[in-house]
Amino acid sequence: MATDLAAPLAAPDVAPIQRRTLRLLFATQIIGGIGVTIGVAVGALLASDVAGTAVAGLVSSAAVVGGALLAVPVTRIMTVRGRRPGLVVAYLTGAAGGVLVVLAAATRWVPLLFLGMLLFGGGSAANLQARYAAVDLAVPARRGRQLSLIVWATTIGAVAAPNFASLADRTTSGWGLPPLAGPFAFSAAALALAAGAILALLRPDPLLTARRLAAAATPPAPVVAPAATARHGAGMRAAWSVVRTRPAARLGIVAVAVGHLVMVAVMVMTPVRLHEWHDDADVLRVVGLVLSLHIAGMYALAPVAGWLTDRVGRRAVILGGVGLLLAACAVAGTAGHHTARLSVGLFLLGLGWSGTMVAGSTLLSESVPVGIRPSVQGLSDLTMGLAGAGAGAVSGFVVAAAGYPVLTGLAAVAVVPLVTLALRPVPVGAPDEED
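What you see is a predicted model, and the numbers here were worked out from it, not measured in a lab.

### Quick word on the overall build of the protein chain
Logical step 1: Helix and strand counts for the protein chain stand at 19 helices and zero strands.
Logical step 2: Out of the 435 residues belonging to the protein chain, those deemed buried represent 51%.
Logical step 3: A separation threshold of at least 6 residues defines the contact pool for the protein chain, and within that pool the share at least 24 residues apart is 84%.
Logical step 4: Taken as a whole, the protein chain presents about 18700 Å² of accessible surface, with 70% of it coming from carbon and sulfur.

Now the structure itself:
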C-alpha cells in the first residue's frame, strides 16, 4: 500500500493513472464477466441435476442474494481502504463459491450447493463495483463515456461466456469431475485471475488518489448544519418516505423492480426448458447461443434505450419496455420445441429489461432531492435484487408443477401493475437540493 499513501499528486499526473486504471478494469471486467456468466448459464442445469427441477430456481437465486449481501461489506472495505482490496475480496469470494459448487456437484450435497452459489455472487458484486472505480479519477466531461466503456467490457465477457460452458465441460471431463461441474471450475479460475490482476496492478488506488487530490484542492470545510448532515445520512426508512410521496419516484422504482422480476423469472428456467428436447451432449452449446442472444438484448442496445429516454421521455420508454416484455413472454411461452423462436423470445426479454431499467433508473434519480438520492437509489437496488431473487426461487416450483408456458404467462401478468402506474399522469420534475 506504499504507493497508495504517497504524497498528493499534481493534476497533470492523473491522466496516465486513469488510462492505466481503465485498461486494467476493461480487461478484468471481461474476465470477470466470463467467470460470472458461465455460472449463470449452467447453474440452473446443475441445480436441477443435483437437487431437482423444483429447487433449481431457488439455487440459482442464491447467487443473486449473495451478490446483494456481499455488496455491503465490500462497500465498507472500499470506504476505509480503497477500491483495490474491496474488489479483490469480492472476486476471491466468487472464486471460492465456484470451488464449493464443484465440490457440491461431486458430492451431490444440496446445502453445499446453496452455500457455493451464495458465495459465487461475489463475482457479480465485483463487476458492479468496478464500474464506479472507472470514474474516480475521470474528468467530469468524460465520466459517462468512461463508465460506459467498463459496462461494455462486462457485456463482451457476458455475451461470450455461455459459449465457453460447453468447452469448459469437455476440457474438465478428463479430470474426473461430474457433468456441468467443469464450467464452475473454469469460473473459479477466471475470478481468481481477475482478483490477482487487480491486486497486482491497480496501483495507485483510484479512490484513495481521488480523495487525496480533493483534500489538496478543497479549502477548509464550512460548518454544516445538523439538518443537512441528517439528510445526507438518511437511510432506507427516509428513502421510502420520499418515494411514497412522489408518483414519479414510485414509477421509477416499480419499473426497475418489475422489469428485473420478469426477466429473471423467464431467463433462469430457459436452460431447463431447452434440456427437455436437447440431450446432454448438445444442450450446453444450445444454451450458450440462446443466452448470448438474451444478454446481447440486455446490454448491447442500452445506449439506444438511453437516447430514447432523453428523446421521447421516461414513461414512453418504460411502456415500450413493458411491451417488449409482454412480447417476449408470448413468443417464449408459445415456442414449443422450436429453439430459434425461443431465442427470439429471450432476445426480446433482454430488450424489455433494458428499457425498463434505463428509463426507470433515470426517472427515479431525477424525481428526488439530491440529498436523499443515494439512499433512494440504494432502496431501488435492494428492491430489484429481492424481486429477482424471489422470481428465481419461485420459477422452479412453477415449472415443476405447471410447465414453462405457465411461467411465462404468470410473468406477463406481473407487469399489469406497472402498466397501470405508468399510464397515470405523473408530474415529472427535477427537484433541487432544497426541495
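### Here's the deal with the environment of Gly-396
Logical step 1: Along the chain, Gly-396 turns up in helix H17 (residues 373-402).
Logical step 2: Taking relative accessible area as the criterion, Gly-396 reaches 0% and is therefore assigned buried.
Logical step 3: Separated by 124 residues in sequence, Gly-396 and Val-272 have C-alpha atoms that sit 9.2 Å apart.

### Re the packing of helix H12 (residues 247-275) against helix H15 (residues 314-333)
Logical step 1: It is the contact of H12 with H15, at a shortest axis distance of 11 Å, that shows an interaxial angle of 20°. Between H12 and H15, the angle falls in the class roughly parallel. Handedness of the crossing formed by H12 with H15: left-handed. When H12 is examined against H15, the residues Leu-251, Ala-255, Gly-259, Val-262 and Val-266 are found in contact with a partner set consisting of Arg-315, Ile-318, Leu-325 and Cys-329.
Logical step 2: By residue class, the composition of the contact of H12 with H15 is seven nonpolar, one polar and one charged.

### A look at the packing of helix H1 (residues 14-51) against helix H4 (residues 110-120)
Logical step 1: For the pair H1 and H4, the least separation of the axes is 12 Å and the interaxial angle reads 165°. With respect to H4, the axis of H1 lies roughly antiparallel. Between H1 and H4 lies a crossing whose hand is left-handed. On the side of H1, the interface is formed by Gly-35, Val-36, Gly-39, Leu-46, Ala-47, Val-50 and Ala-51, while H4 contributes Val-110, Leu-113 and Phe-120.
Logical step 2: Partitioned by chemical class, the residues of the contact of H1 with H4 number eight nonpolar, two polar and no charged.

### Section: a nonpolar patch on the surface
Logical step 1: Judged by side-chain polarity, Leu-301, Val-304, Trp-307, Leu-308 and Val-312 come together as a nonpolar surface patch covering roughly 450 Å² of accessible area.
Logical step 2: Its place among the elements puts Leu-308 in helix H14 (residues 302-312).
Logical step 3: Leu-308 gets classed as partly exposed once you look at its relative accessible area, which sits at 32%.

### As for helix H18 (residues 404-413)
Logical step 1: The complete set of buried residues in H18 reads Tyr-404, Leu-407, Thr-408, Ala-411 and Ala-412. Buried residues of H18, viewed axially, fall in a sector of 140°; they line one side.

### Regarding the side chain of His-294
Logical step 1: Mapped onto the elements, His-294 comes out in helix H13 (residues 280-299).
Logical step 2: On the basis of relative accessibility, which here comes to 1%, the residue His-294 falls in the buried class.
Logical step 3: Once residues lying within four places of it in the same chain are set aside, the contact partners of His-294 are Met-263, Met-267, Leu-346, Phe-347, Leu-349 and Gly-350.

### Here's the deal with unusual backbone geometry
Peptide bonds are mostly trans, and most non-glycine residues show a negative phi.
Logical step 1: In this model, Arg-203 is joined to Pro-204 through a cis peptide bond whose omega is -5°.
Logical step 2: A positive phi angle is found at Arg-108, which is not glycine, with a value near 55°.
Logical step 3: Within the element layout of this structure, Arg-108 appears in the loop between helix H3 (83-107) and H4.

### Considering the confidence of the model for the protein chain
Logical step 1: Averaged over all residues, the pLDDT of the protein chain equals 79, while 80% of them reach at least 70.
Logical step 2: Taken as a whole, residues 221-234 scores under 50 in pLDDT and shows nine contacts with residues more than four places along the chain or in a different chain.
Logical step 3: Low pLDDT, under 50, characterises residues 428-435; the stretch is placed with 17 contacts to residues that sit more than four places away or in other chains.

### Comments concerning the side chain of Thr-21
Logical step 1: By the secondary structure assignment, Thr-21 is in helix H1.
Logical step 2: Accessibility expressed as a relative area gives 4% for Thr-21, which makes it buried.
Logical step 3: A distance of 2.9 Å separates a polar atom in the side chain of Thr-21 from the backbone oxygen of Ile-17.
Logical step 4: Contact partners of Thr-21, with chain neighbours within four places excluded, come to Ala-133, Leu-202 and Pro-206.

Quick notes on the rules
- Residues numbered from 1 in each chain as written.
- Predicted model: local features only at pLDDT ≥ 70, side-chain atom pairs only at ≥ 80, totals over all residues.
- Heavy atoms only, no water.
- Helix = DSSP H or I, 4+ residues; strand = E, 2+ residues; numbered from the N terminus.
- Buried < 20%, exposed > 50% of the residue type's maximum accessible area, 1.4 Å probe, protein only.
- Contact = heavy atoms within 4.5 Å.
- Areas by Shrake-Rupley, 256 points an atom, 1.4 Å probe, with all protein chains shown as cover.
- Axes fitted to C-alpha atoms, helices over the stretch in contact; angles between N-to-C directions.
- Parallel < 35°, antiparallel > 145°, perpendicular 65-115°, else oblique.
- Left-handed = near helix turned anticlockwise from the far one by under 90°.
- Nonpolar A, V, L, I, M, F, W, Y, C, P; charged D, E, K, R; others polar.
- Patch = residues over 30% accessible without salt bridge, like charges linked within 9 Å, V, L, I, M, F, W, Y side chains within 5 Å.
- Salt bridge = Lys/Arg side-chain N within 4 Å of Asp/Glu carboxyl O.
- Arc of directions from axis to C-beta.
- pLDDT = per-residue confidence, 0-100.
- Polar contact = N/O pair within 3.5 Å; in protein donor to acceptor, adjacent residues only side chain to side chain.

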